[in-house]
Amino acid sequence: MKGDWKTRGFSTRAIHAGQPPDPTTGSVTVPIYATSTYVHDELGKHKGYEYARVQNPTRSALETNVAALEGGVSGHAFASGMSAIAALMTMVRAGEHVVFSRNVYGGTYRFMTQVLDRYDVRSSWVDSTDLANVRAAMRSETRLVYVETPTNPMMEITDIAGAAELAHAHGAQLAVDNTFMSPYFQRPLELGADVVVHSTTKFLNGHSDSIGGVLVARDVADGEWFAFVQKSEGAILSPFDSFLVLRGLKTLGVRMERHEATARTIAELLDAHPKVTRVLWPGLPSHPGHELQRRQASGFGALLTFDVGSYAAAKRFLDRVEVMSLAESLGGVETLTSHPASMTHASVPADKRAELGITDGLVRISVGIEDEADLVADVTQALDAA
Ligand SMILES: Cc1ncc(COP(=O)(O)O)c(C=O)c1O
């Protein structure tokens, strides 16, 4: 049936779900509805759109699309990944508690420990690669278990189905930050999770030109709450950014395939290189989470981390790359490198970094979709200097 994309393949859904031709003109792409309000037909009668904080057709198209890709009942788009996470956390009341994977995105940690803590929402941070640690952290007031898998930069893998079962057995829900994998490789709702979070800034948009976030719910009631929070807090994604993410999503499948193929080549190159002491990419059979990742996802992604032994060697590598650029963020078409200890994780105290394995010699690459030969040559020449 036209318009029912559920039975279609991933890329067909990415291109069509939520995006019928524009009813007025037949425009093949969803227009950017730059409007703050909508004229009512008469008192008590409107077209379903009242005020653009609450509804916007461009945003609705994106929300429907992401929900179709993640297999949820609804999607809700926010002004950033962090505002999506903040909206998610409104599910938790004062006095309640959340159990987190220990090395989730640093901004999530900052928000919980420096903002929500003031509102009496408590959090525990555990190595969720072993669910026994999650079980031990559960309290009677635990409302949510929140995992990121793989984590950044250590690429730790958490068993999503096991975490969902555990959360549910304790009367809690499971939220998964699926930013690194994207729904192309991993669909947590199908594994029992209740909510999926994305920073659309990364792979979903994919072109490093927009900041955004989205929540996808499995239950209608959770989706209704997120819509209420959008309306009440107002941190919505703009029509223009919604358009950009929708456009990015159309090529998500082909981008993820290419990202991953090149990531594999680079991971194998690094693994065999004498100057590299350790490579963390879940696609390598030596990775501790490899088997689990194979079971719960259809791919291994484009993020990889490796150790060149010292800060000085990492600096030489990072200063020497030519095609790749040194920058925070990930998931774009261009390859980005970063130094977790002094960049993304600089605010984590040194002893905590050591506990997490974030050494000074660690380098992270978000592998882009440039020509593989150019990236291989770049890594090789930069490693010669390291
Ligand atoms: C895994 C993950 N989740 C959430 C965020 C926050 O997203 P944003 O920067 O769009 O607020 C980031 C940002 O780097 C991230 O890497």
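As a reminder, the structure under discussion sits directly above these lines.
Read on for a plain summary of the structure. Nothing here was measured: the structure is a model prediction, and the numbers come from that model.

**Considerations on the packing of helix α10 (residues 252-271) against helix α14 (residues 372-385)**
Turning to step 1, where the next piece is worked out: Their axes nearest at 10 Å, the elements α10 and α14 cross at an angle of 30°. Accordingly, the angle class assigned to the pair α10 and α14 is roughly parallel. As for the relative orientation of α10 and α14, their crossing is right-handed in sense. Contacts between α10 and α14 involve Arg258, Ala261, Thr262, Thr265, Ile266, Leu269 and Leu270 from the first element and Glu372, Leu375, Val376, Val379, Thr380 and Leu383 from the second.
Turning to step 2, where the next piece is worked out: Broken down by class, the residue content of the contact of α10 with α14 amounts to eight nonpolar, three polar and two charged.

**A word on helix α8 (residues 220-233)**
Turning to step 1, where the next piece is worked out: The end-to-end C-alpha separation of α8 is 20 Å, in line with the 20 Å expected for 14 residues at 1.5 Å each.
Turning to step 2, where the next piece is worked out: Taken together, the buried positions of α8 are Asp222, Gly223, Phe226, Val229 and Gln230. Seen from one end, α8 has its buried residues packed into an arc of 115°, which puts them on one side. Exposed residues pointing more than 90 degrees away from the buried face of α8 are listed as Val220, Ala221 and Glu224.

**A word on the packing of aromatic side chains**
Turning to step 1, where the next piece is worked out: Overall, the coordinates contain nine aromatic pairs when judged by the stated rule.
Turning to step 2, where the next piece is worked out: Here phenylalanine 10 and tyrosine 184 contribute two aromatic rings whose centre-to-centre distance is 5.2 Å and whose plane-to-plane angle is 75°, an arrangement assigned as edge-to-face. Of this pair, phenylalanine 10 sits in helix α1 (residues 10-16) while tyrosine 184 sits in helix α7 (residues 182-185), placing them 174 residues apart in sequence. In terms of burial, phenylalanine 10 and tyrosine 184 fall into one category: buried.
Turning to step 3, where the next piece is worked out: Summarising the aromatic geometry, the rings of tyrosine 38 and tyrosine 49 are spaced 5.3 Å apart at their centres and angled 45° between planes, so their arrangement reads as tilted. Linking tyrosine 38 in the loop between α1 and α2 (57-70) with tyrosine 49 in the loop between α1 and α2, this pair joins segments that are eleven residues apart in sequence.

**Side note on the site of the ligand**
Turning to step 1, where the next piece is worked out: In the vicinity of the ligand there are 13 residues, among which Gly81, Met82, Asp177, Ser199 and Thr201 approach most closely.
Turning to step 2, where the next piece is worked out: With respect to the ligand, the side chain of serine 199 contributes an N or O atom lying 2.8 Å from an oxygen atom.
Turning to step 3, where the next piece is worked out: Contact with the protein chains hides 91% of the accessible area of the ligand, taken as 390 Å² for the molecule alone.
Turning to step 4, where the next piece is worked out: The element contributing the most residues to the shell around the ligand is helix α3 (residues 81-88), with three residues.
Turning to step 5, where the next piece is worked out: Classifying every residue of the shell around the ligand gives four nonpolar, six polar and three charged.

**Things to note about the packing of helix α12 (residues 311-320) against α14**
Turning to step 1, where the next piece is worked out: At a closest axis distance of 8 Å, the pairing of α12 and α14 adopts a crossing angle of 140°. Considering their axes alone, α12 and α14 lie oblique with respect to each other. The hand of the α12/α14 crossing is right-handed. Along the contact surface, α12 presents Arg316, Phe317 and Arg320, while α14 presents Val379, Gln381, Ala382, Leu383 and Ala385.
Turning to step 2, where the next piece is worked out: Its residues placed into classes, the contact of α12 with α14 shows five nonpolar, one polar and two charged.

**Points about the sheet that holds strand β8 (residues 278-280)**
Turning to step 1, where the next piece is worked out: In spatial order, the strands read β8-β9-β12-β11-β10; together these five strands make up an open sheet with mixed pairing. Only two strands of the sheet have a single neighbouring strand rather than two, namely β8 and β10 (325-326).
Turning to step 2, where the next piece is worked out: Where strand β11 (residues 336-338) and strand β12 (residues 362-366) come together, three bridges link them in antiparallel fashion. The residue bridging threonine 337 from the neighbouring strand is isoleucine 365, located in β12.

**Some details on the side chain of serine 124**
Turning to step 1, where the next piece is worked out: Following the sequence through the fold, serine 124 ends up in strand β3 (residues 122-126).
Turning to step 2, where the next piece is worked out: We classify serine 124 as buried; its relative accessible area is 14%.
Turning to step 3, where the next piece is worked out: In this structure, serine 124 is in contact with His97, Val98, Val99, Phe100, Ala137 and Arg139, ignoring residues within four places of it in sequence.

**Remarks on the pattern of salt bridges**
Side chains carrying opposite charge are able to pair once their charged atoms draw close together.
Turning to step 1, where the next piece is worked out: Applying the stated criterion across every chain yields a total of 13 salt bridges.
Turning to step 2, where the next piece is worked out: With a shortest N-O distance of 3.1 Å, arginine 187 and glutamate 190 are connected by a salt bridge.
Turning to step 3, where the next piece is worked out: Since its relative accessible area comes to 24%, arginine 187 is described here as partly exposed.
Turning to step 4, where the next piece is worked out: The network of salt bridges with shared partners includes Arg102, Asp127 and Glu156.

Calculation rules
Residues numbered from 1 in each chain as written. Predicted model: local features only at pLDDT ≥ 70, side-chain atom pairs only at ≥ 80, totals over all residues. Heavy atoms only, no water. Axes fitted to C-alpha atoms, helices over the stretch in contact; angles between N-to-C directions. Helix = DSSP H or I, 4+ residues; strand = E, 2+ residues; numbered from the N terminus. Parallel < 35°, antiparallel > 145°, perpendicular 65-115°, else oblique. Left-handed = near helix turned anticlockwise from the far one by under 90°. Contact = heavy atoms within 4.5 Å. Nonpolar A, V, L, I, M, F, W, Y, C, P; charged D, E, K, R; others polar. Expected span 1.5 Å × (residues − 1). Buried < 20%, exposed > 50% of the residue type's maximum accessible area, 1.4 Å probe, protein only. Arc of directions from axis to C-beta. Phe/Tyr/Trp six-rings, centres within 6.5 Å; stacked < 30°, edge-to-face > 60°. Near = heavy atom within 4 Å. Polar contact = N/O pair within 3.5 Å; in protein donor to acceptor, adjacent residues only side chain to side chain. Areas by Shrake-Rupley, 256 points an atom, 1.4 Å probe, with all protein chains shown as cover. Pairing = 2+ DSSP bridges. Salt bridge = Lys/Arg side-chain N within 4 Å of Asp/Glu carboxyl O.

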